[in-house]
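# Structural features, examined
Here is how the chains run, residue by residue.
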Amino acid sequence: MRISFRLLQSSTQQIFRDLKIPVFEAGQPEYERLIATSNRLFRFSRPDCVVQPETADHVRNIIKEARSKNLDLTIKCNGHSYAGHSTAFKGVSLDLRRMNQVKLDMGSTTKIVTMDAGCQWGHVYGTLINGGHDGFIINGGRCPTVGVSGFILGGGLSPFTRSFGMGCDTLAEATMVTADGDLVTVGETDDPRSKEGRLFWALRGAGGGNFGVVVQMKLKVKKLQNRFRTVVAGRYQWFPEGGFSDKVIATMNDFYTATWPNNITIDSTWMCDLRNGNSSDGIRFTMAFDGTKSKYESVIDEHIQHEDLNVQLKRRALPEKSTRFLYETLVNQWLEETERAYPTNKSYELYSSFIFKNDSRETIEKVTGIIRDLMAEFRRIFPGEQVNFLVTWIHSGGKATEKKPTESAFFWREAVFHTYITIEWMDKWMERDMRRFLAKTKKKLRPLSLNGEAAFVNFPDRDFPAKFYERAYFGDNCDELRRVKEIWDKDNFFKFAQGVRRPGDPAEDADDIDEELKTDKLANEQWEHYRTSNVTKDLQQMAQWF
């Protein structure tokens, strides 16, 4: 049984200090900044300390010490987790944000960017921007504030996934600290039957925190197809007159079942925002096209028959150099998502995800019909409340479908849309109602997801029953992932609520309860730890340490 950090002798903290590893504890201003979270469901999360390694050797020493003392260890790579998997509620928060060096090598035939695990995509894109490398793309996240490690390890959906595959498909090499404190490097040149090759396979889609702490990655830089080195990009928010009429729904069904060329990505978010008296529902589109404006317009003309939407999608898009797209346009396109991740955001949020193909119009029609009905119900039962219901369709498919599901840990290669639900509210008393509504949404949509189960590990649902989440995230790759887990973490040191289990490990069913009954449960548990551990006993121990 693991013990809380506050019960350890002060020698553990002193070891970190002697190794010049920054350590922060409750009562220090820096600690408060480091544990700040944007999702108020996790507002009382209070790890016993935060350590911020600056080198791989720091990480090795932290893991060795934590393992020798049987400490809870939570890995944070400078992004955010929809399910709070990178938020430490006790023990040690291993915060990699100081490991943020990026090196771009554009001199060789295979152009490579080397990234430390604590980077955000904004850091990485900056190497192309500052170097003036128009026409080249790093296959990373839509939001500049997304952490690079979690993105790649979970598969990674890029604005250019349709052109170049999943983000993890461009991974060339990864360096990881194991549970034994060893530093290993694995890559595409490893024999896929070796333990190193199997680890490299697993790191491409199994999510973070399962096998060790990845400290560095190397990605291949990709080149745009068009010779003008431009991206046609834009954003349009459509609030159709009359709301989601039959004509609008038919247009969206056409949109989702169209056979789009691989060089275009159009994401869409259905919005039912009741905050600040908003009275209309709409759909936000974000567009990215590898080509010229004239070719972009011809693609829109071919696939969008609705006259007004056709005009607006063409009017609200501009051709620009790829560096400007990375510097400015991505930020503007995904501003709401970026702001939602900032600690200054003070809302409560729940998420769930689904995966759809587009070869069955019948299925798509069922999905869009369900969403329309749910949004009408949401608006009817929560009038005047500060609540928000979003359904975001991330456009994938294309090149990502060309690999077999077993070629990497990312299994759902058939996906054309990764769709995630966001439920957001401002008053804590609304949690029960929001949980009830999301549970109803999932009950209706889950049977229509691939295999009646599929979800995307980078858009995790904290409330997935323990016996189902591995199948939902990893499909038929579950068994091999468990075998890789046993090779690299046989004692299950890296363990969290939705981690890869070892062969034979049972599902822990303690949290498999009705979702509505989870109302305030997490906050209460955090509060008890906050009140009894951090406020009282940590202050007493801090007096001894100093």
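Quantities reported herein were computed from a predicted structural model and do not represent experimental measurements. (Residues numbered from 1 in each chain as written. Predicted model: local features only at pLDDT ≥ 70, side-chain atom pairs only at ≥ 80, totals over all residues. Heavy atoms only, no water.)

## Brief notes about the overall build of the chain
When helices and strands are tallied, the chain shows 17 helices and 18 strands. Relative to the compact-globule value of 24 Å for 546 residues, the chain shows a C-alpha radius of gyration of 23 Å, a close match. When its C-alpha atoms are laid out on the principal axes, the chain stretches across 70 × 60 × 45 Å. Of all 546 residues assigned to the chain, the portion counted as buried reaches 60%. For the chain, the share of sequence-separated contacts (at least 6 apart) that also reach a separation of at least 24 residues comes to 75%. When the accessible area of the chain is evaluated, it comes to approximately 22200 Å², of which 48% is carbon and sulfur surface. Across the chain, the centroid of the 76 positively charged side chains sits 2 Å from that of the 74 negatively charged ones. (Helix = DSSP H or I, 4+ residues; strand = E, 2+ residues; numbered from the N terminus. Rg over C-alpha atoms; globule rule 2.2 N^0.38 Å. Buried < 20%, exposed > 50% of the residue type's maximum accessible area, 1.4 Å probe, protein only. Contact = heavy atoms within 4.5 Å. Areas by Shrake-Rupley, 256 points an atom, 1.4 Å probe, with all protein chains shown as cover. Lys, Arg positive; Asp, Glu negative; His and termini not counted. Charge placed at Lys NZ, Arg CZ, Asp CG, Glu CD.)

## Examining the pairing of strand 17 (residues 387-395)
Within strand 17, nine of the nine residues are buried, which leaves the element mostly enclosed by the surrounding structure. Neither face of strand 17 is left uncovered, since the one carrying V387, F389, V391, W393 and H395 and the one carrying N388, L390, T392 and I394 both have all their residues buried. Across six bridges, strand 13 (residues 264-273) lies against strand 17 in antiparallel orientation. Within strand 17, the position partnered with S268 by the bridge is W393. Relative to strand 18 (residues 417-425), strand 17 runs antiparallel, the two sharing nine bridges. Note that in strand 18 the partner of L390 across the bridge is T422. (Pairing = 2+ DSSP bridges.)

## Concerning the packing of aromatic side chains
All told, the structure shown has 33 aromatic pairs when counted by the stated rule. When the centroid spacing of 4.3 Å and the interplanar angle of 55° are considered together, the rings of Y82 and Y351 count as tilted. In this pair, Y82 sits in the loop between strand 3 (73-76) and strand 4 (92-95) while Y351 sits in strand 16 (residues 348-356), placing the two residues 269 residues apart along the sequence. Relative accessible area serves as the criterion here: at 8%, Y351 is assigned to the buried category. Ring pairs connect the aromatic residues W238, F255, Y256, W260, F285, F356, W393 and F417, which therefore count as one cluster. (Phe/Tyr/Trp six-rings, centres within 6.5 Å; stacked < 30°, edge-to-face > 60°.)

## What to know about helix 14 (residues 431-445)
Because each turn of an α-helix spans 3.6 residues, side chains separated by three or four positions end up pointing in the same direction. For helix 14, spanning 15 residues, the distance from its first C-alpha to its last is 21 Å, which sits close to the expected 21 Å at 1.5 Å a residue. Within helix 14 the residues assigned to the buried category are E431, M434, R435, F437, L438, T441, K442 and L445. When helix 14 is viewed along its axis, its buried side chains cluster within an angular range of 165° and face the same direction. Residues of helix 14 that are buried make contact with strand 16, helix 13 (361-381), strand 17 and strand 18. (Expected span 1.5 Å × (residues − 1). Arc of directions from axis to C-beta.)

## Points about the sheet that holds strand 5 (residues 102-105)
With antiparallel pairing, the five strands of this open sheet are ordered in space as 5-6-10-8-9. Across the chains shown, the open sheet's two edge strands, defined by having one partner strand only, are strand 5 and strand 9 (183-187). Each strand axis lies, on average, 15° off the axis of its neighbour in the sheet, ignoring direction. (Axes fitted to C-alpha atoms, helices over the stretch in contact; angles between N-to-C directions.)

## Details of the pattern of salt bridges
A pair can form between side chains of opposite charge whenever their charged atoms are brought close. Within this structure, the stated rule accounts for 46 salt bridges. E65 is the salt-bridge partner of K69, the closest N and O atoms lying 2.6 Å from each other. Exposure remark for K69: the relative accessible area of 26% places this residue in the partly exposed category. Exposure remark for E65: the relative accessible area of 9% places this residue in the buried category. One salt bridge in this structure joins E362 and K366, with 3.8 Å as the shortest N-O distance. (Salt bridge = Lys/Arg side-chain N within 4 Å of Asp/Glu carboxyl O.)

## Observations regarding the nonpolar core
One finds W121, I138, L199, L203, F211 and L481 to be the most contacted residues of the largest nonpolar core, which totals 74 residues. Here this core takes five residues from helix 7 (residues 195-203), the largest share from any one element. The next biggest cluster of nonpolar side chains, apart from the first, holds 57 residues, and it includes L41, W238, I421 and M430. (Core = buried A, V, L, I, M, F, W, Y, C linked by side-chain atoms within 4.5 Å.)

## Digging into the sheet that holds strand 12 (residues 230-238)
With respect to topology, seven strands assemble into an open sheet ordered 15-12-14-13-17-18-16, the strand pairing being antiparallel. For this open sheet the edge positions go to strand 15 (317-321) and strand 16, each flanked by a neighbour on one side alone. Strand-to-strand twist in this sheet, taken as the mean axis angle between neighbours without regard to direction, amounts to 15°. Relative to strand 15, strand 12 is paired through five bridges, and the arrangement is antiparallel. What sits directly across from A233, in strand 15, is L318.

## A closer look at the packing of helix 13 against helix 14
As a packed pair, helix 13 and helix 14 sit with axes 11 Å apart at the nearest point and diverge in direction by 165°. With respect to helix 14, the element helix 13 is oriented roughly antiparallel. The crossing of helix 13 and helix 14 is right-handed. In contact with V367, I370, L374, E377, F378 and I381 of helix 13, helix 14 contributes M434, F437, K440, T441, K444 and L445. Classifying every residue of the contact of helix 13 with helix 14 gives eight nonpolar, one polar and three charged. (Parallel < 35°, antiparallel > 145°, perpendicular 65-115°, else oblique. Left-handed = near helix turned anticlockwise from the far one by under 90°. Nonpolar A, V, L, I, M, F, W, Y, C, P; charged D, E, K, R; others polar.)

## Topic: the pairing of strand 14 (residues 282-290)
Across the nine residues that make up strand 14, a large majority, nine, are buried. In strand 14, alternate side chains face the same way, and those of G282, R284, T286, A288 and D290 on one face and I283, F285, M287 and F289 on the other are all buried. Across eight bridges, strand 12 lies against strand 14 in antiparallel orientation. Bridge pairing in strand 14 links G234 to M287. Alignment of strand 13 against strand 14, held across eight bridges, turns out to be antiparallel. Across the sheet, residue S268 finds its bridge partner in strand 14, namely F285.

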